[in-house]
Amino acid sequence: MRATMIYAPGDIRVENLPDPKIVNSTDAVIRTVAACVCGSDLWDYRGINPVTEPHPIGHEYVGIVEEVGGDVSTVRPGQFVIGSFFASDNTCPICRAGYHTSCPHREFVGGCQAEYVRIPLADGTLVATPEQPAEDLIPSLLTLSDVMGTGWYAAKAAEVGPGSTAVVVGDGAVGLSGVIAAKELGAERIIAMSRHESRQKLALEFGATDIVTERGEEGIARVKELTGGIGADSVLECVGTPESMRQALLSTRPGGNVGFVGVPHGVAIDGEQLFFSHVGLRGGPAPVRGYLPDLIQRVFDGRIDPGKVFDLTLPLDEVAEGYKAMDERRAIKALLRP
């Protein structure tokens, strides 16, 4: 099969690799219908995460089940399925509490920018759609394997609720999905922080009520101005840098909450400042598996259309251009067709 490999920062290649096989009786193999490049893949591409040897890359996927192991019972060959970037058993106490990405049996599902993918713990990881989806639904369904589910978790972790004010820090695909989530969860005011016109337009289309272009101290001051000097009830931190986390913490009112889903790089929080802020923090890798049934139904019902975050579609053979376009901020998110 053809699969994407990263050799070094900036060096993305498509190569022929052996087709995946059933290894454990709980595995499934899917034929990838669509995959994509994630903003977190850019940490490797930019050399911020070390790349010590060539390896397959990509962790977002939708596809058709080709084969299942003998102990798989909830999905079957021929079904269109979506799964999380972490496999989980969906039965342990941690999964039942809603934190599938901390399942003690979790396995990272990588190498998904490829024609076929082996999915461990298929019963607990994959969710079949109610029917074979129409072609125009596939981009939105693909977002559910990570960015839409991650934006949803950011909003839930920040305790967005009816009538609340939410701020979204980050205008990438996760941040824009967070705008959708905040809207769906009932936020009355949604302040999107963005300096890019195309992303501002999409944020407004998704439900943002205000755009803040300032950053740093000026951005914090602008949020305070828009919230009567108090700060927001809920802030979604969708970047993962020291600057974005500071922006989030200082934009939140006392008693408010930050949901942080940007993978932290160099983030350090002053304990005394946090102590006196009365701001709650919750984050981590989003347990998207728990949200899949609900979000799939919202897509099929036409309530949400997160697939609009894809503004570049490429064949798998041109995946290197997808990385380059996202790195240069010429694209929000690149969709790949194997």
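Residues numbered from 1 in each chain as written. Predicted model: local features only at pLDDT ≥ 70, side-chain atom pairs only at ≥ 80, totals over all residues. Heavy atoms only, no water.

Visitor: Help me understand the UniProt feature "domain: Alcohol dehydrogenase-like C-terminal" (unreviewed entry) in the protein, please; the structure alone is not making it clear to me.
Guide: Under the feature "domain: Alcohol dehydrogenase-like C-terminal" (unreviewed entry), the UniProt entry names residues 173-283. Helix makes up 44% of residues 173-283 and strand 24%, and the two end C-alpha atoms of the span are 17 Å apart. (UniProt positions renumbered as here; feature names shortened; annotations may be inferred. Helix = DSSP H or I, 4+ residues; strand = E, 2+ residues; numbered from the N terminus.)

Visitor: Can you walk me through the pattern of salt bridges in this structure?
Guide: Opposite charge on two side chains allows them to pair when their charged atoms are near. Counted by the stated rule, this structure contains 21 salt bridges. For the salt bridge of Glu-60 with Lys-333, the shortest nitrogen-to-oxygen distance reads 3.1 Å. On the criterion of sequence distance, the pair formed by Glu-60 in the loop between β4 (55-56) and β5 (61-68) and Lys-333 in the loop between α12 (319-327) and β18 (334-337) is long-range, its members being 273 residues apart. You'll find Glu-60 and Lys-333 in the same group, each marked buried. The partner of Glu-205 in a salt bridge is Lys-308, and the shortest N-O contact between them spans 2.3 Å. Of the two residues, Glu-205 sits in helix α7 (residues 197-206) while Lys-308 sits in the loop between α11 (288-300) and β17 (312-315), which places them 103 residues apart along the sequence. Under the relative-accessibility criterion, Lys-308 is labelled partly exposed at 38%. (Salt bridge = Lys/Arg side-chain N within 4 Å of Asp/Glu carboxyl O. Buried < 20%, exposed > 50% of the residue type's maximum accessible area, 1.4 Å probe, protein only.)

Visitor: Please clarify how the UniProt feature "domain: Alcohol dehydrogenase-like N-terminal" (unreviewed entry) in the protein should be interpreted in this entry.
Guide: Mapped onto this structure's residue numbering, the UniProt feature "domain: Alcohol dehydrogenase-like N-terminal" (unreviewed entry) falls at residues 26-122. Split by type, residues 26-122 is 10% helix and 32% strand. Its first and last C-alpha atoms lie 6 Å apart.

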